[in-house]
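Chains, contacts and geometry: an overview
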Amino acid sequence: MNDAPDAEGRRRLVFVRGLALQARLGVHPHEKAAPQRVVIGVELAVQDDAAPFSIGADDFRRVVDYERVVKAARAVAASGHTLLVETLAERIAEAALADPRVLRARITVEKPDAFPDAASVGVVIERIRPE
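Residue numbers here run from 1 along each chain, matching the order of that chain's written sequence. In keeping with the predicted nature of the model, local features appear solely for residues at pLDDT of at least 70, side-chain atom pairs appear and are counted solely at 80 or more, and the whole-chain, interface and lining totals rest on all residues. Heavy atoms from the whole structure form the basis of all side-chain values; hydrogens and water molecules are not counted.

What to know about the nonpolar core
Counted only if it meets this: Note on terminology: a nonpolar core comprises buried Ala, Val, Leu, Ile, Met, Phe, Trp, Tyr and Cys residues joined through side-chain atoms within 4.5 Å. Only protein chains enter the area calculation, which uses a 1.4 Å probe; residues under 20% of their type maximum are buried, those over 50% are exposed, and those in between are partly exposed. Here a strand is any run of E in DSSP of at least two residues, a helix any run of H or I of at least four, and the numbering for each starts at the N terminus.
The biggest cluster of nonpolar side chains holds 30 residues, and the ones touching the most others in it are Ile40, Val42, Leu44, Ile92, Ile107 and Val109. Elements that contribute at least two residues to this core include exactly strand 1 (11-23), strand 2 (36-47), helix 2 (66-77), helix 3 (85-96), strand 3 (102-111) and strand 4 (121-128). Of the residues forming this core, the biggest block, 6 residues, is contributed by helix 3.

Points about the pairing of strand 3
Applicable threshold: The rule for pairing is simple: two strands pair if DSSP sees at least two bridges between them.
Bridging between strand 2 and strand 3 involves 8 bridges; their strand directions are antiparallel. Note that in strand 3 the partner of glycine 41 across the bridge is threonine 108. Bridge count between strand 3 and strand 4: 8 bridges; the pairing is antiparallel. Bridge pairing in strand 4 links lysine 111 to valine 121.

Focus: helix 3
Note the following rule: Under the convention used throughout, the expected extent of a helix is 1.5 Å for every residue step, that is, one less than its residue count. Think of the arc as the fan of directions from the helix axis to the C-beta atoms. Residue contacts follow a heavy-atom distance rule, with two residues in contact if any of their heavy atoms lie within 4.5 Å.
With 12 residues, helix 3 should reach 16 Å at 1.5 Å per residue; the first-to-last C-alpha distance of 17 Å fits that figure. All of the buried residues along helix 3 are Val85, Leu88, Ala89, Ile92, Ala93 and Ala96. Viewed along the axis of helix 3, the buried residues span an arc of 135 degrees, placing them on a single side of the element. Of the surrounding secondary structure, the elements contacted by the buried residues of helix 3 are strand 2, helix 2, strand 3 and strand 4.

What to know about the packing of helix 2 against helix 3
Stated formally: Fitting a line to C-alpha atoms yields each axis, with helices limited to the stretch in contact; the angle taken between N-to-C directions then spans 0 to 180 degrees. Working rule for angles: under 35 degrees goes down as roughly parallel, over 145 as roughly antiparallel, 65 to 115 as roughly perpendicular, anything else as oblique. Take the far helix as your reference; a near helix turned counterclockwise from it by less than a right angle gives a left-handed crossing, and one turned clockwise gives a right-handed crossing. Put simply, Ala, Val, Leu, Ile, Met, Phe, Trp, Tyr, Cys and Pro go in the nonpolar bin, Asp, Glu, Lys and Arg in the charged bin, and everything else, Gly too, in the polar bin.
Packing of helix 2 against helix 3 leaves a shortest axis separation of 9 Å and a crossing angle of 140 degrees. In terms of orientation, helix 2 and helix 3 fall into the oblique class. As helix 2 packs across helix 3, the resulting crossing turns out to be right-handed. In this structure, helix 2 uses Ala72, Ala73, Val76 and Ala77 to contact helix 3, whose residues at the interface are Leu88, Arg91, Ile92 and Ala95. Among the residues making up the contact of helix 2 with helix 3, the classes are represented as 7 nonpolar, no polar and 1 charged.

Keep in mind that these numbers describe shape and distance, not what the molecule does.
Written as structure tokens, this is what we have:
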């Protein structure tokens, strides 16, 4: 993400990498028949009220909880069949942006088993909080 973390801009980066889930995802008949493995990455530019010079209170309530981010991604992936990796990524971004401290969300959705001769295919999307 080009603007996170940034002390002067009062932003930190919260991330989840390599979250492997089963999802009903894809347009092909074999993809509609059974769930497949997807790997999700989340990067969130988050408001950092302690930046640029201080240390914030050691209080859980002041931070974006990455456990909540993981649970939201799991819930989106388990919510039923989705045709497009783009749609799955956008839904995860929307869930992350529900926290008003999240300014920007970059979501990666990979399908590592789509082709035997490719390590992975997928998409990276980015969404921002409307001003």
